[in-house]
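Report on the structure
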Amino acid sequence: MAIRLIAIDVDGTLLNPKREITLRVQEIIRRVNRRGVAIILATGRPFIGIQRYLKELELNRDGQYCITNNGALVQNAVNGESLLEVLLTFNDYLYCERLSRVLGVHFQAFSKTEMFTSNKDISKYTIREAWMTGIPLRYCDVSNMDSNLMFPKLMMIDSSECLDSAVASLPAEVFKRFNIMKSAPCYLEILNKQVNKGLSLSFLAKKMGLTRNEVMAIGDQENDLAMLEYAGTSVAMGNGIDVVKETAKFVTNSNQEDGVARAIEKFLAT
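Residues numbered from 1 in each chain as written. Predicted model: local features only at pLDDT ≥ 70, side-chain atom pairs only at ≥ 80, totals over all residues. Heavy atoms only, no water.

- The protein has the name Sugar phosphatase YidA in an unreviewed UniProt entry, where Candidatus Erwinia haradaeae is given as its organism.

Structure, rendered in structure tokens:
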């Protein structure tokens, strides 16, 4: 069955190590999209963090969609209007913020338009995230947070060694209550239990009248596993972690070597 939808992770997949989309990758994506193949950017980033890439790929048009915040939001690629939202509550925020302090790791929370930290010693990883995505960063003590806020995702962030130690100490309740996954060695994502990229990709495929056999997914990290398991054609990046390569049906080149373009060329006549 022909591939009619391609879901592509952003960091470590679409973007090379300089956080750029190479010309070859741009050209292939634009070409197959013009032929009617839907291209979905499926990312842990907020919408603001992918707008420049949607524009570069000419995907900021009516009828184009994106998956953000690791699947918590499915959005219109033109204006960010939500088609699907599965969010965390303020009580979830309070629980995870308190837990991060017990575990000794930094913490950040995302609304749909801002990133918050309650750490006075703001983590360099939080600053890097704000710089990389362009999302406004606000320091806000827990006591001053708006209790009406809902959150696409929460994160514990720190050095890989510190974060690995914290993950090993997480109580069993956390895994029952939330979907927990790493998106990078220094990033632990905390999501609603009903959220992952695979569920959101399934939602979009059904909306578009497609079966999973008409869907291709490309990724490199743990947060991509669900969409790779869903897609009929699953591709791991050459720079991906081992479990991603073991899960995917195929492995392409790295993000330094136009891996996305090579994957699309392999499965679609371009």
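Now that the structure has been shown, the text picks up again.
Concerning the packing of helix α2 (residues 23-34) against helix α11 (residues 259-267)
- Close contact between α2 and α11 brings their axes to 8 Å; oriented N to C, the two are set at 35 degrees. Every pair of crossing elements has a handedness; the one defined by α2 and α11 is left-handed. Along the contact surface, α2 presents Arg24, Val25, Ile28, Ile29 and Val32, while α11 presents Val260, Ala261, Arg262, Ile264 and Glu265.
- For the contact of α2 with α11, the class distribution of residues is seven nonpolar, no polar and three charged. (Axes fitted to C-alpha atoms, helices over the stretch in contact; angles between N-to-C directions. Helix = DSSP H or I, 4+ residues; strand = E, 2+ residues; numbered from the N terminus. Left-handed = near helix turned anticlockwise from the far one by under 90°. Contact = heavy atoms within 4.5 Å. Nonpolar A, V, L, I, M, F, W, Y, C, P; charged D, E, K, R; others polar.)

Side note on the sheet that holds strand β13 (residues 233-236)
- If you walk across this open sheet you meet the eight strands as β5-β4-β3-β2-β1-β12-β13-β14, and the pairing is mixed. Of all the strands in the sheet, the pair left with one neighbour each is β5 (82-85) and β14 (250-251).
- Pairing geometry for β13 and β14, over two bridges, is parallel. Bridged to Ala236 within β14 is Val251.
- In this fold α11 packs onto β1 (5-8), β12 (215-219), β13 and β14, with an angle of close to 155 degrees to the strand it touches most, β12. (Pairing = 2+ DSSP bridges.)

Comments concerning the sheet that holds strand β8 (residues 137-139)
- Spatially, the six strands line up as an open sheet ordered β8-β7-β6-β9-β11-β10, and their pairing is mixed. Of all strands in the sheet, those bounded by a partner on one side alone are β8 and β10 (178-184). Averaged over all neighbouring strand pairs, the angle between strand axes comes to 25 degrees, with direction disregarded.
- Here two bridges tie strand β6 (residues 106-110) to strand β7 (residues 115-117), and the two strands are oriented antiparallel to one another. Across the sheet, Phe110 pairs through a bridge with Met115, a residue of β7.
- In this fold helix α4 (residues 90-103) packs onto β6, β9 (153-157), β10 and β11 (187-192), with an angle of close to 5 degrees to the strand it touches most, β9.

Some details on the pattern of salt bridges
- Considering all chains together, one arrives at 15 salt bridges under this definition.
- Here Arg4 makes a salt bridge to Glu214, at a shortest N to O gap of 3.3 Å. Separated by 210 residues along the polypeptide, Arg4 in the segment before β1 and Glu214 in the loop between α8 (197-207) and β12 bring together distant segments of the chain.
- The closest approach of N and O atoms between Asp92 and Arg177, which form a salt bridge, is 3.0 Å. Remark: Arg177 occurs in helix α7 (residues 172-177) and Asp92 occurs in helix α4; sequence separation between them is 85 residues.
- When salt bridges with common partners are traced through the structure, they connect Asp9, Lys197 and Asp224 into a single cluster. (Salt bridge = Lys/Arg side-chain N within 4 Å of Asp/Glu carboxyl O.)

Quick word on the nonpolar core
- Ranked by size, the top nonpolar core spans 31 residues in total, and within it Ile6, Ile8, Leu14, Ile29, Leu41 and Ile218 carry the most contacts.
- Each residue touching Ile29, except ones within four places of it in the same chain, is listed here: Ile8, Leu14, Ile39, Leu57, Val260 and Ile264.
- By size, the runner-up hydrophobic cluster in this structure holds 24 residues, among which are Tyr95, Leu99, Phe178 and Ile190. (Core = buried A, V, L, I, M, F, W, Y, C linked by side-chain atoms within 4.5 Å. Buried < 20%, exposed > 50% of the residue type's maximum accessible area, 1.4 Å probe, protein only.)

Here we look at the environment of Ile241
- With respect to the element layout, Ile241 can be found in the loop between β13 and α10 (242-247).
- In this structure Ile241 comes out as partly exposed when scored by relative accessible area, which is 29%.
- Through-space distance from the C-alpha of Ile241 to that of Asp220 is 6.3 Å; in sequence the pair is 21 residues apart.
- Ignoring sequence-local partners within four residues, the contact set of Ile241 consists of Asp220, Gln221 and Glu222.

What about the domain arrangement of the protein?
- Assigned domains of the protein: these are domain 1 (5-85 + 195-268) and domain 2 (90-192).
- Summarising the inter-unit geometry, the C-alpha centres of domain 1 and domain 2 are found 24 Å apart.
- Taken together, the contacts link 18 residues of domain 1 with 20 residues of domain 2.
- Summed over both partners, the interface of domain 1 with domain 2 buries about 1500 Å², with 56% contributed by carbon and sulfur atoms.
- With a shortest N-O distance of 2.7 Å, Glu85 and Lys112 are connected by a salt bridge. (Domains from an automatic or database assignment. Buried area = accessible area lost by both parts, 1.4 Å probe.)

Thoughts on unusual backbone geometry
- Of note, Asn69 is a non-glycine position whose phi angle comes to about 50 degrees, a positive value.
- At Asn70, a residue that is not glycine, the phi angle is positive and equals roughly 60 degrees.
- Note on placement: Asn70 falls in the loop between β3 (65-68) and β4 (73-76).
- In this structure Asn70 comes out as buried when scored by relative accessible area, which is 0%.

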